[in-house]
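Below are the chains, spelled out letter by letter.
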Amino acid sequence: MPDGVTTRISVAEARQRLATDPFLLLGVELPEEGGPSGGAEEHGPAGGAEESGPADEPTARRLGLDAEELAWFGGRDQSARAEFLGDIAGFVVPVARHGRVAHVHALASERFVVIAHRGPAVLTADVIAHLRREKPHDAVATLFLLLQEALATFRRAAVRELLQVEELEDAMFEERRPEQIYRLSQLRRSAALLHHSLLPYLQVVEEMVTRRMMSRDFPVERQRLAQEFQRAARLVLADIESLQDAARRTFASYGSLVAGEQNGVINRLTIVSVVFLPLSFLTGFFGMNFAFLTDELESKDVFWLLAVGLQVVVLLVAFYVLHRTRVWRRLRDGDQETGPEDE
């Protein structure tokens, strides 16, 4: 096992070491869109230089890996991949980092692991830290360490966003604000991105690992590594699904809060309607042109007694009935009665 020393080497030296070294972890930095050519990093006791070679030549061929099936290695816009090509296994591994999902290409054999990424390393540094701590005994164990670390990036992203969703839900019940629904929609889209990026990858890896485990010549130690990866994959997928469930639940809570506020407004309008409905009836009744109303009820005393006094009495009776029954409390506190106790 190398000591984990990181140095830069040329492509020519990388080709030589891939052909001769008994154990090599090689990181290849590919150019981003419109960027310059990247470099090759070897993790172990070696030196390095800038990468060179035709820009349109496949990355695998530059490294001396001439299998036609490896033309995808280092290419752009590659989907999730896991396949076994003779004595080499190839992967396109999704990695969650800083709110986005990048894809790292990996090749592994009995002697080497090659990791290719575009732009700054999104996974290599973490793998090197684990190498120094755990010291895997061969390249295959290093490969599973790489796959486990890629899963860990999804787990960390899911847990971090799950905590944000829960904090957002608590803040909603304290004080609902419009920007909360925007932040919640961002977290929901992020959860969907994690799920849509990880699920296809886990499916193709599961198919490949299952086929290899069914082979009689598959060592017991590697079966253990594969089973650990499968268990970790199921746990990470469960974490992401928990995040999606929490986001949906928080959206429902936000809708319940909005509905509760609207119910409160409707209840207050109902109270006003209950109070003024008898007054509207009396006003409309005494505004009709019956002979008795126009000929007999002409004095000032009759006006104060019927037009004003009768309405005051009706108001007092209405308030008394509302106050002495549950109707008043239900109308006044309707938004509270639909709170957590009734959910």
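Just so you know, these numbers come straight off a predicted model, no measurement behind them.

Scoring rules and cut-offs
Residues numbered from 1 in each chain as written. Predicted model: local features only at pLDDT ≥ 70, side-chain atom pairs only at ≥ 80, totals over all residues. Heavy atoms only, no water. Patch = residues over 30% accessible without salt bridge, like charges linked within 9 Å, V, L, I, M, F, W, Y side chains within 5 Å. Areas by Shrake-Rupley, 256 points an atom, 1.4 Å probe, with all protein chains shown as cover. Salt bridge = Lys/Arg side-chain N within 4 Å of Asp/Glu carboxyl O. Helix = DSSP H or I, 4+ residues; strand = E, 2+ residues; numbered from the N terminus. Buried < 20%, exposed > 50% of the residue type's maximum accessible area, 1.4 Å probe, protein only. Phe/Tyr/Trp six-rings, centres within 6.5 Å; stacked < 30°, edge-to-face > 60°. Pairing = 2+ DSSP bridges.

*Asks:* Please set out a nonpolar patch on the surface residue by residue, giving values where relevant.
*Replies:* Taken together, the side chains of F281, F285, M288 and F290 make up a nonpolar region of the molecular surface, amounting to roughly 410 Å² of accessible area. Inspection of the secondary structure assignment puts F281 in helix α6 (residues 220-286). Look at F281 and you get exposed, because its relative accessible area is 57%.

*Asks:* Got a sec to walk through the packing of aromatic side chains? Specific residues and values, please.
*Replies:* For the coordinates displayed, the defined rule picks out one aromatic pair. Ring geometry for W72 and F73: centres 6.0 Å apart, planes at 75°, overall edge-to-face. Just as W72 is buried, F73 falls in that class too.

*Asks:* Summarise unusual backbone geometry; cite the residues concerned and give the values.
*Replies:* In this model, D77 sits at a positive phi of 55°, which is unusual for a non-glycine residue. For H98, which is not glycine, the phi dihedral falls at a positive 55°. Note that H98 resides in the loop between β5 (88-97) and β6 (100-108). Judged by relative accessible area, which is 73%, H98 ranks as exposed.

*Asks:* If you had to explain the pairing of β5 to someone new, which residues and values would you point to?
*Replies:* Within β5, nine of the ten residues are buried, which leaves the element mostly enclosed by the surrounding structure. Between the end of strand β4 (residues 81-85) and the start of β5, which pair antiparallel, lie two residues, with G86 showing a positive phi angle near 70°. Of the strand pairs in this sheet, β5 and β6 are connected by nine bridges, and their pairing is antiparallel. Residue pairing in the sheet places A96 in a bridge with V101 of β6. Counting the residues in the hairpin turn of β5 and β6 gives two residues, including H98, whose phi is positive at 55°.

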